[in-house]
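Reading the structure
Listed below, chain by chain, are the residues.
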There are 4 protein chains.
Amino acid sequence: MSFNTFGRLFRTTTWGESHGPAIGCVVDGVPPRIPLTEADIQVWLDKRRPGQSRYTTQRKEPDTVEILSGVFEGQTTGAPISLLIANQDVRSKDYSDIKDKFRPGHADYTYHAKYGLRDYRGGGRASARETAARVAAGAIARKILGGAVVIRGAMVQMGAHKIDPENWDWAQADANPFFCPDAAAAAAWAEELDRIRKAGSSVGAMIQVEAAGVPVGLGAPHYAKLDAELAAAMMSIHAAKGVEIGIGMAAAALTGEENADEMRAGNEGAPRFLSNNAGGILGGISTGQDIVVRFAVKPTSSILTPRKTVDTAGNETEIATKGRHDPCVGIRAVPVGEAMLAAVLADHLLLHKAQCG
Amino acid sequence: MSFNTFGRLFRTTTWGESHGPAIGCVVDGVPPRIPLTEADIQVWLDKRRPGQSRYTTQRKEPDTVEILSGVFEGQTTGAPISLLIANQDVRSKDYSDIKDKFRPGHADYTYHAKYGLRDYRGGGRASARETAARVAAGAIARKILGGAVVIRGAMVQMGAHKIDPENWDWAQADANPFFCPDAAAAAAWAEELDRIRKAGSSVGAMIQVEAAGVPVGLGAPHYAKLDAELAAAMMSIHAAKGVEIGIGMAAAALTGEENADEMRAGNEGAPRFLSNNAGGILGGISTGQDIVVRFAVKPTSSILTPRKTVDTAGNETEIATKGRHDPCVGIRAVPVGEAMLAAVLADHLLLHKAQCG
Amino acid sequence: MSFNTFGRLFRTTTWGESHGPAIGCVVDGVPPRIPLTEADIQVWLDKRRPGQSRYTTQRKEPDTVEILSGVFEGQTTGAPISLLIANQDVRSKDYSDIKDKFRPGHADYTYHAKYGLRDYRGGGRASARETAARVAAGAIARKILGGAVVIRGAMVQMGAHKIDPENWDWAQADANPFFCPDAAAAAAWAEELDRIRKAGSSVGAMIQVEAAGVPVGLGAPHYAKLDAELAAAMMSIHAAKGVEIGIGMAAAALTGEENADEMRAGNEGAPRFLSNNAGGILGGISTGQDIVVRFAVKPTSSILTPRKTVDTAGNETEIATKGRHDPCVGIRAVPVGEAMLAAVLADHLLLHKAQCG
Amino acid sequence: MSFNTFGRLFRTTTWGESHGPAIGCVVDGVPPRIPLTEADIQVWLDKRRPGQSRYTTQRKEPDTVEILSGVFEGQTTGAPISLLIANQDVRSKDYSDIKDKFRPGHADYTYHAKYGLRDYRGGGRASARETAARVAAGAIARKILGGAVVIRGAMVQMGAHKIDPENWDWAQADANPFFCPDAAAAAAWAEELDRIRKAGSSVGAMIQVEAAGVPVGLGAPHYAKLDAELAAAMMSIHAAKGVEIGIGMAAAALTGEENADEMRAGNEGAPRFLSNNAGGILGGISTGQDIVVRFAVKPTSSILTPRKTVDTAGNETEIATKGRHDPCVGIRAVPVGEAMLAAVLADHLLLHKAQCG
């Protein structure tokens, strides 16, 4: 079973390999009569597109999306929307010498062991190139959510270097190649990542994505809790190793008094919360506060420094990966995390309408 | 849509409220001819059962499980297994004064906002009592996995107090009321939790669950990645706020060289890994190493110290919760985390057989 | 994989064997704040209940339903509703001599071959007793649909004897033990079925179920078409061998001119159809006309006349089934068909709200 | 919710409209290391391809399939297989005068009512052109089933004219443009369909599809019964109005003695059945006998004879459809029925391996 579909009512099925002719997805369950053009999707793909700075892979992919179905005269029809993105800058020969070796930290070995073969060109199906399809689907999810829901993301840690939350400025996140909301940190990261990049190394990162304007009531206890679905969505992103909601891992250290987000009377009958340790979710259901999710991504496994490994025949060897890689995949994980957040929320908006609408 | 089923082929549907006549679950997809008795399930329920020490709720529930279907002459038949656990020690009057107020940090408000009514008795459906059904299902999952897969759990942090990993001794985890693998830490925790309990307060915790003996190849990219499914499973547990696999959140701070779990030739053609930052999962597929998952749970929201809140009419008020509560829900989350880990692995064992068996 | 759940948003999971302690189901996805009592469900169970005339099995089961969860102070809460029906009149010894033989036409052989064991007592999981759980779920589905949707069923053929459609009178369907809408046919059937019953034989039947008041727009092309879902729902009923919608099988013989349900202007902008060959469904979506579904059930396989068979050891033998059986299972299939129709419509009502509401 | 995915483990998601740039599907869950080329799929598409005789639509579509993913060096990889078929012979102007009118018997009205808009060009998403994607997926399903399972189909009735079962010859089904296994009937049908075609009329049909070599044990009681899944699969085909298994609707008229497929000792421990009223399925599980399914399709709704209808503004009018249409859609439904049968069996083969393998 290779399960390439996510969502319950707003459902996206992705397909494609890094060095195949194209990648894409089918987005099903979209409500009808939503205005949708390729430009609505392209703007988000452009945010994720590689090769926009020296800090991401130098593979040149325009990532131009084509809508093949489900839209008629500029509106969604309720039918499945098929999206296709051609692969253009494919250099498969770069990979010929890793064809028979497993990169430590990479999916090479597990794909080989599970399936008995693997498309080694550019990581094949395991390539983070798959995330372009997620971003495209996320663009449609944003349309379903409408303008009242604002989804944003930022990189908040690169390697050992965290931002200073005091400096948080969303405008900054669009002003540097790191989606970093702290201008001072961004400057330091630039220097550090140049060093890492030139050394052929890589580094991990922490990403934070948020949604404002989410209505109260989204989520479905117990096994489609909004936080559980978000955890799966973020952990399904390439290289993700941890996910947290609101106060997250730090909740372990709190007392009940500290953790409680106290409530006061707010507008229009809704309470006003005095803090947001919950990250906008209680009992698996949105509270109306901002949804706050963070996830950690590990460093790229394709590095120049030789590492001990084995080959497909079981022999001990070493591997050093050339090719074109992101020195910090966390950067491009920002728009991907945003897309996944949008997709989960759109799905639950439809689900909530079904049961409680 | 209230989604109370989890799993794809090994599927569990739970039902029941804290103060209803019973709780239970239906476990579907179980292979036939597996020996199964109520005692096989009871042993795990007993581990989670409340009232076993002064550190958990004093509600007296024997949690006796009845198998109502799916087993014939001591063997599973392939038909759905219905499990029922009667609620016995119900004191609903304890809750009458929180009937119209929302506990900060609790699902009270969101259930009320989403559904327009709520069963306030003991938390109703949102009660952690639901986890007894998960533990029962997990017992069946263990049977499917067989003896070669060993699943264990431990509490590794209580409030600000972490265990010392150097002291890790699995035998200790069964020897104290905290499932704490560090004897020294357990002694300190006892003192600390007595203090918290007497103060009517509560504290968060971190739980680690592990599976040894998992075959290589379980997991399904991209949206049923083993780590994504585990993240959802753990985050669906009451009070969970964060989940991480292997090195987890700390991966953000690593370089590619540090993160790489190098490989040497191992036995029977499988590689031997020199470290396990991956926590046993690469590309969403098990590597054959130990699966290592940690999750953080927030402190119980039902505390004696008054907190600011609003009532169902929107008026500002305060709330102090009496009733019987766990001062640290993290303790009983240990067997629950184990059960969820077992359930996810059993599901993926069946899925892997289907596609690659 | 034993798949005992049906529905997408309104989801029912059934469990239980004919001679186990109980049968039941969990109904998930029910909207909150719907008034629901056990009496609302019991009325439909009573319609299906065995032993009400000499034309059904003489097993005495009161089929008293208990609501174990999901209802609070007389209203649904949005949480899963667990329903339990105790088995009371179990005579397992009746089955001891068929324990090792396969009844031709029955699931005995296939269960044995698939699972390697079978609960032979009363047919175990394969028993039509399972349908009581469906009827209980159907009662909740009717509540979701509301009073504007009227679901009715009738037996329209027993063995070779069809009703005369000219005589159709819904009042009659409640006035005889056959749910037969043709009083003249009912009288003839009584005589015929007495003969069959006394001979220890059995006979097939055709059932028609209808829904009036269904709003236009329910259904989801292409793989959740309303007719496809109804076909699966009816074919999942024990002994069903064929399903048709509207003109059904007879459509094969028509020309395009004959088949076309012509339209004239109707009330409130909706068209008025001049015929209903479509059975209320076009392109998998409801038209607003009556939904009309028919399904054929084969005769009960448990008969007194000896039939050639083999035993579990592969030896040739004969079998004659005693025990208590329905001479015409089609009778009790009427309320079951109604329940399945209600369940499919309720599910699609929620689905339609989600995407187009 | 527009649900364009079918299957549980072997899952196909189709997309595309009649007059869009392309149609296609994503086939997920395919086991790895199955040899697969475009030619393996093309052979079945060619069987369904329009314009091969004067008895089908004259639209000229080569239906050339491209594999965009999931295959590497001639073998499946376990990743999703994306298939694309370009639309080439699109004449949308043919449809401009039916843009605002509803064809009686067609999905025009219900799509309009449900979605509030419709892609009227060539039927848009409701077009039978969608079935090309099913046939492509069915080709992969056949590869999963392997050579031991043989799937064949035939048209057994055209309008009022049934074949004579005595004349059944599978070789004939490949020798005439009707997939008719009775040479004499085929000759008569040719004459009759010429008449219907020239009159701008259309006619219904009955299709029979069979699978030989199916192992015993496939199917999952109760809601994934093999017959229930086949019923849904066939009823999801455009124009289908009824489905039956084995003796089918005629079961209603039988006695238990007549219906029973008696058993004698067979080879290798499996019984030999003396008849096949069951159509190869008992209790929802395959018996090892041939699976036999029939389904009725209504006549094409697009006919030249004017029919009464209304327009999108609710005004009464008439409609006569020009354009290029199949006078008997039943012909091309034969390879579609085969594909759906293959897909359901492949899915259940994987499911059976998971639970009982």
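What comes next is a walk through the structure. Here the structure is a predicted model, which means the values were calculated and not measured.

Let's talk about the sheet that holds strand β7 (residues 81-86) of chain A
Residue and element names in this part refer to chain A. One open sheet holds the five strands; their spatial order is β1-β2-β3-β7-β4, and the pairing between them is antiparallel. Strands with a single pairing partner mark the edges of an open sheet, and in this sheet they are β1 (5-6) and β4 (65-67). Pairing analysis gives six bridges linking strand β2 (residues 11-16) to strand β3 (residues 22-28), with the strands arranged antiparallel. The residue bridging T13 from the neighbouring strand is V26, located in β3. Contacts from helix α3 (residues 131-145) reach β2, β3 and β7 within the one sheet, and its direction differs from that of β3 by about 30°.

As for the interface of chain C and chain A
On the chain A side, the residues contacting the 13 residues of chain C number 13 residues. Counting the surface lost from both chain C and chain A, the interface buries some 940 Å², and carbon and sulfur atoms represent 55% of this. Of all residues in chain C, C:K353, C:A354 and C:Q355 bury the most surface against chain A, accounting for 53% of the area lost on that side. Residue composition of the side of chain C that touches chain A, by class: eight nonpolar, four polar and one charged.

Remarks on the relation of the copies chain A and chain B
For the match of chain A to chain B, the screw axis carries a shift of 0.0 Å, the RMSD comes to 0.0 Å, and the turn is 180°. Taken together, the rotation angle and the small translation identify this as a two-fold axis. Both copies share a contact surface, since 100% of the interface residues of chain A are interface residues in chain B too.

Points about the relation of the copies chain C and chain A
Two copies of one chain are present, and they are related through a rotation about an axis combined with an axial shift. Between the two copies, chain C and chain A, the superposition gives an RMSD of 0.0 Å; the rotation angle is 180° and the shift along the axis is 0.0 Å. Looking at chain C, 100% of its interface residues are interface residues in chain A too, so the copies touch through the same face.

Points about the pairing of strand β18 (residues 316-319) of chain B
All names here are of chain B. Pairing of strand β17 (residues 307-310) with β18, which is carried by four bridges, proceeds in the antiparallel orientation. Note that in β18 the partner of K308 across the bridge is E318. In sequence, β17 turns back onto β18 through a hairpin of five residues, with G314 there showing a positive phi of about 90°.

Quick word on the packing of helix α3 (residues 131-145) of chain C against helix α8 (residues 330-356) of chain C
Residue and element names in this part refer to chain C. At their nearest, the axes of α3 and α8 sit 7 Å apart, and the two run at 45° to each other. In this view, α3 runs oblique relative to α8, as classed from their interaxial angle. As α3 packs across α8, the resulting crossing turns out to be left-handed. Residues T131, R134, V135, G138, A141, R142, I144 and L145 of α3 lie in contact with α8, whose contacting residues are P335, V336, E338, A339, M340, A342, A343, L345, A346, L349 and L350. The residue makeup of the contact of α3 with α8, split by class, is 14 nonpolar, two polar and three charged.

Points about helix α6 (residues 226-235) of chain C
Most of α6(C) is tucked away, with nine of its 10 residues classed as buried. Taken together, the buried positions of α6(C) are C:L226, C:D227, C:A228, C:E229, C:L230, C:A231, C:A233, C:M234 and C:M235.

Details of the interface of chain A and chain B
Counting from both sides, the interface comprises 107 residues of chain A and, opposite them, 107 residues of chain B. A combined buried area of about 8500 Å² lies between chain A and chain B, and 60% of that area is made up of carbon and sulfur atoms. Taken together, the connections running from chain A to chain B amount to four salt bridges. Between A:E262 and B:R307 there is a salt bridge; the shortest N-O distance is 3.8 Å. Linking chain A with chain B are 56 residue pairs in polar contact (both at pLDDT 80 or more), by the criterion used here. Across the side of chain A that touches chain B, the residue classes break down as 54 nonpolar, 34 polar and 19 charged. Pairing geometry for strand β11 (residues 240-245) of chain A and strand β11 (residues 240-245) of chain B, over three bridges, is antiparallel. Residue pairing across strands places A:G242 opposite B:E244, the latter belonging to β11(B).

A word on the pattern of salt bridges
Per the counting criterion, the structure on display carries 81 salt bridges over all chains. Of the charged contacts, one joins A:R195 and A:E192 as a salt bridge, the two residues approaching to 3.2 Å between their closest N and O atoms. Here the residue A:R195 and the residue A:E192 both occupy positions in helix α5 (residues 183-198), the gap between them amounting to three residues, near one helical turn. Between C:E338 and C:K47 there is a salt bridge, with its nearest N and O atoms 2.9 Å apart. Highlighted residues: C:E338 in helix α8 and C:K47 in helix α1 (residues 38-48), separated in sequence by 291 residues. The exposure classification of C:E338 matches that of C:K47, with both residues buried. Here the salt bridges share partners, and the residues they tie into one network are A:R48, A:E61, A:D63 and A:R129.

Notes on the sheet that holds strand β4 (residues 65-67) of chain C
Residues and elements named next belong to chain C. Read from one edge of the open sheet, five strands run β1-β2-β3-β7-β4, paired in antiparallel fashion. Of all strands in the sheet, those bounded by a partner on one side alone are β1 (5-6) and β4. Against the sheet, α3 engages β2 (11-16), β3 (22-28) and β7 (81-86), with an angle of about 30° to β3.

Overview of the packing of α1(C) against α3(C)
All names here are of chain C. Contact geometry for α1 and α3: axes closest at 9 Å, N-to-C directions at 135°. Classified by the angle between their axes, α1 and α3 sit oblique to one another. Once α1 is placed against α3, the crossing between them reads as right-handed. Note on element contacts: α3 touches α1 through T131, A132, V135, A136, A139, I140, R142 and K143, opposite D40, I41, W44, L45 and R48. Here the residues of the contact of α1 with α3 are counted per class, giving eight nonpolar, one polar and four charged.

Here's the deal with the layout of surface pockets
The calculated volume of the largest pocket comes to roughly 640 Å³. Surrounding the largest pocket, 26 residues form its lining, C:M249, D:K162, D:M206, D:E244 and D:M249 being those nearest its centre. Mapped onto the lining of the largest pocket, the elements with two or more residues apiece are β8 (150-158) and β10 (205-212) of chain C together with β8 (150-158) and β10 (205-212) of chain D. Approximately 490 Å³ is the volume found for the second largest pocket. Forming the walls of the second largest pocket are 20 residues, and the residues nearest its centre are B:Q157, B:K162, B:M206, B:E244 and B:R294. Among the residues making up the lining of the second largest pocket, the classes are represented as 12 nonpolar, five polar and three charged.

Scoring rules and cut-offs
Residues numbered from 1 in each chain as written. Chains lettered and ligands numbered in written order. Predicted model: local features only at pLDDT ≥ 70, side-chain atom pairs only at ≥ 80, totals over all residues. Heavy atoms only, no water. Pairing = 2+ DSSP bridges. Helix = DSSP H or I, 4+ residues; strand = E, 2+ residues; numbered from the N terminus. Contact = heavy atoms within 4.5 Å. Axes fitted to C-alpha atoms, helices over the stretch in contact; angles between N-to-C directions. Buried area = accessible area lost by both parts, 1.4 Å probe. Nonpolar A, V, L, I, M, F, W, Y, C, P; charged D, E, K, R; others polar. Least-squares fit on C-alpha atoms with pLDDT ≥ 70 in both. Parallel < 35°, antiparallel > 145°, perpendicular 65-115°, else oblique. Left-handed = near helix turned anticlockwise from the far one by under 90°. Buried < 20%, exposed > 50% of the residue type's maximum accessible area, 1.4 Å probe, protein only. Salt bridge = Lys/Arg side-chain N within 4 Å of Asp/Glu carboxyl O. Polar contact = N/O pair within 3.5 Å; in protein donor to acceptor, adjacent residues only side chain to side chain. 1 Å grid on protein atoms, 1.4 Å probe; cavity = no way out; pocket = protein on both sides within 12 Å on 5 of 7 lines; lining within 4 Å. Points joined across faces, edges and corners; volume = space filled by probe spheres on them.

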